[in-house]
2 protein chains.
Amino acid sequence: MGITKTGLFSDRQNKLARMAKIMAHPARIAILDYIIKAQRCICNDLVVELGLAQPTVSQHLKELKSAGLINGAIEGTSVCYSLNTENWKLYKETFLNFFVDAASLRQVC
Amino acid sequence: MGITKTGLFSDRQNKLARMAKIMAHPARIAILDYIIKAQRCICNDLVVELGLAQPTVSQHLKELKSAGLINGAIEGTSVCYSLNTENWKLYKETFLNFFVDAASLRQVC
DNA sequence: TCGCTACATCGTAATATAATAATATAACGA
DNA sequence: TCGTTATATTATTATATTACGATGTAGCGA
């Protein structure tokens, strides 16, 4: 993506951007949608549901997991993925705080 | 970035991902932070504030503008950038809706 | 008109992402 | 043990993003 000059920005700004980046792909949104609806899923469910190849889905799951948004628990030959509710709240609050800041703004130009 | 298979996902999912992508860079978060605080700014304010080159800032402003998050009004030799409050609300609600969906979820595995 | 200021655009290098085929790993049932 | 199922990892291709120098454009004051 080119070199993002992380050093120029605050921790908060970098963190918020990183959080947004996790959600910046429709496949990851679709995965989260599915998990929210079904409460849990295995990788193959998503392969069928999304129509993406298995390695692609696996890669997206890995990103969501390393971002802390989902948990993966091994269950025999499959992995049970579910929402990490604690971090989910954190994400929610972080975005909320950002958008709330401008609640009282008026259009200037 | 590789080819995102947009066709596999719903309009809502694609839209949400697109919105997230706009916010997925700390420079753009910093620009929005600045505009929220100062109500308005010109490109050069941000060049000084952020420490990025003028073309880089200009490019980020262009993306924020084409996403509808900010307005730009020509004022003599400069351009007055300010928040597009209507679309800001839209963003806020869109993210809210997404996160609210999972409010009552319990950790499953 | 000249020069300055403020931006935008173009071109390009460096780097990150998305997607997948091929392959590896790991559990389980026959 | 062998085959099957489920997933992860690796390597690679195609494409997008970030950043900036160089350059173009446009308004404005002297």
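- Looking at an unreviewed UniProt entry, one finds chain A named DNA-binding transcriptional regulator, ArsR family and attributed to Chitinophaga terrae.

## Focus on the environment of B:Leu90
Residue and element names in this part refer to chain B.
Now for step 1: As for its position among the elements, Leu 90 is in helix α5 (residues 85-100).
Now for step 2: Judged by relative accessible area, Leu 90 falls into the partly exposed class, the value being 44%.
Now for step 3: Separated by 21 residues in the primary sequence, Leu 90 and Leu 69 have C-alpha atoms spaced 9.5 Å apart.

## Let's talk about the sheet that holds strand β1 (residues 40-41) of chain A
Residues and elements named next belong to chain A.
Now for step 1: Strand order in this open sheet of three strands is β1-β3-β2, and the pairing throughout is antiparallel. Unpaired on one side and paired on the other, β1 and β2 (70-75) mark the two borders of the sheet.
Now for step 2: Two strands pair when backbone bridges link them, and β1 and strand β3 (residues 78-83) are joined in this way by two bridges, in the antiparallel orientation. Paired with Cys 41 across the bridge in β3 is Tyr 81.
Now for step 3: The sheet contacts of helix α4 (residues 54-66) involve β2 and β3, and relative to β2 the element is tilted by about 115°.

## Examining the interface of chain A and chain B
Now for step 1: Across the boundary between the two partners, chain A contributes 50 residues, which contact 50 residues of chain B.
Now for step 2: Summed over the three residues of chain A that lose the most area to chain B, namely A:Phe99, A:Leu105 and A:Cys109, the buried surface amounts to 15% of that side.
Now for step 3: Between the two partners, chain A and chain B, sit two salt bridges.
Now for step 4: The salt bridge involving A:Asp33 is made with B:Arg12; its shortest N-O contact spans 2.8 Å.
Now for step 5: Across the contact surface, chain A and chain B share eight residue pairs in polar contact (both at pLDDT 80 or more).
Now for step 6: Breaking the side of chain A that touches chain B down by element, the ones donating at least two residues are α1 (11-22), α2 (26-38), β2, β3 and α5 (85-100) of chain A.

## Quick notes on the relation of the copies chain A and chain B
Now for step 1: Rotating chain A by 180° and moving it 0.0 Å along the rotation axis overlays it on chain B with an RMSD of 0.0 Å. A rotation of that kind, with that shift, is consistent with a two-fold axis. No C-alpha of chain A approaches the rotation axis more nearly than that of A:Ala20, which lies at 2.5 Å.
Now for step 2: The overlap is high: 100% of the interface residues of chain A also sit at the interface in chain B, so the same surface is used on both sides.

## Quick look at the sheet that holds strand β1 (residues 40-41) of chain B
Adjacent strands of a sheet form backbone hydrogen bonds with each other and so pair up, either parallel or antiparallel.
Residues and elements named next belong to chain B.
Now for step 1: With respect to topology, three strands assemble into an open sheet ordered β1-β3-β2, the strand pairing being antiparallel. Two strands in the sheet have a free side with no partner beyond their single neighbour: β1 and β2 (70-75).
Now for step 2: Together, β2 and β3 (78-83) form the strand contacts of helix α4 (residues 54-66), whose direction differs from that of β2 by roughly 120°.

## Quick word on α4(B)
Residue and element names in this part refer to chain B.
Now for step 1: For α4, built from 13 residues, the straight-helix expectation of 18 Å at 1.5 Å per residue is met to within 8% by its first-to-last C-alpha distance of 18 Å.
Now for step 2: Within the span of α4, buried status applies to Val 57, His 60, Leu 61 and Leu 64. Burial along α4 is one-sided: seen end-on, the buried residues are contained in an arc of 100°. Along α4, exposed side chains directed more than 90 degrees from the buried face belong to Pro 55, Gln 59, Lys 62 and Ser 66.
Now for step 3: Looking at the buried side of α4, the elements it contacts are α1 (11-22), α2 (26-38), α3 (43-50), β2 and β3.
Now for step 4: Looking one or two residues beyond α4, the residue adopting positive phi is Gly 68, at roughly 85°.

## Section: the packing of helix α3 (residues 43-50) of chain A against α4(A)
Residue and element names in this part refer to chain A.
Now for step 1: As a packed pair, α3 and α4 sit with axes 9 Å apart at the nearest point and diverge in direction by 120°. Here α3 lies oblique to α4, going by the angle between them. By crossing handedness, the relation of α3 to α4 is classed as right-handed. For the pair α3 and α4, contact is made by Cys 43, Leu 46 and Val 47 and by Gln 54, Val 57, Ser 58 and Leu 61, respectively.

## Here's the deal with the pairing of β3(B)
Side-chain direction in a regular strand flips from residue to residue, so the side chains alternate between the two faces of the sheet.
Now for step 1: As paired strands, β2(B) and β3(B) are joined by six bridges and run antiparallel to one another. Residue pairing in the sheet places B:Gly72 in a bridge with B:Tyr81 of β3(B).

Conventions and cut-offs
Residues numbered from 1 in each chain as written. Chains lettered and ligands numbered in written order. Predicted model: local features only at pLDDT ≥ 70, side-chain atom pairs only at ≥ 80, totals over all residues. Heavy atoms only, no water. Helix = DSSP H or I, 4+ residues; strand = E, 2+ residues; numbered from the N terminus. Buried < 20%, exposed > 50% of the residue type's maximum accessible area, 1.4 Å probe, protein only. Pairing = 2+ DSSP bridges. Contact = heavy atoms within 4.5 Å. Axes fitted to C-alpha atoms, helices over the stretch in contact; angles between N-to-C directions. Buried area = accessible area lost by both parts, 1.4 Å probe. Salt bridge = Lys/Arg side-chain N within 4 Å of Asp/Glu carboxyl O. Polar contact = N/O pair within 3.5 Å; in protein donor to acceptor, adjacent residues only side chain to side chain. Least-squares fit on C-alpha atoms with pLDDT ≥ 70 in both. Expected span 1.5 Å × (residues − 1). Arc of directions from axis to C-beta. Parallel < 35°, antiparallel > 145°, perpendicular 65-115°, else oblique. Left-handed = near helix turned anticlockwise from the far one by under 90°.

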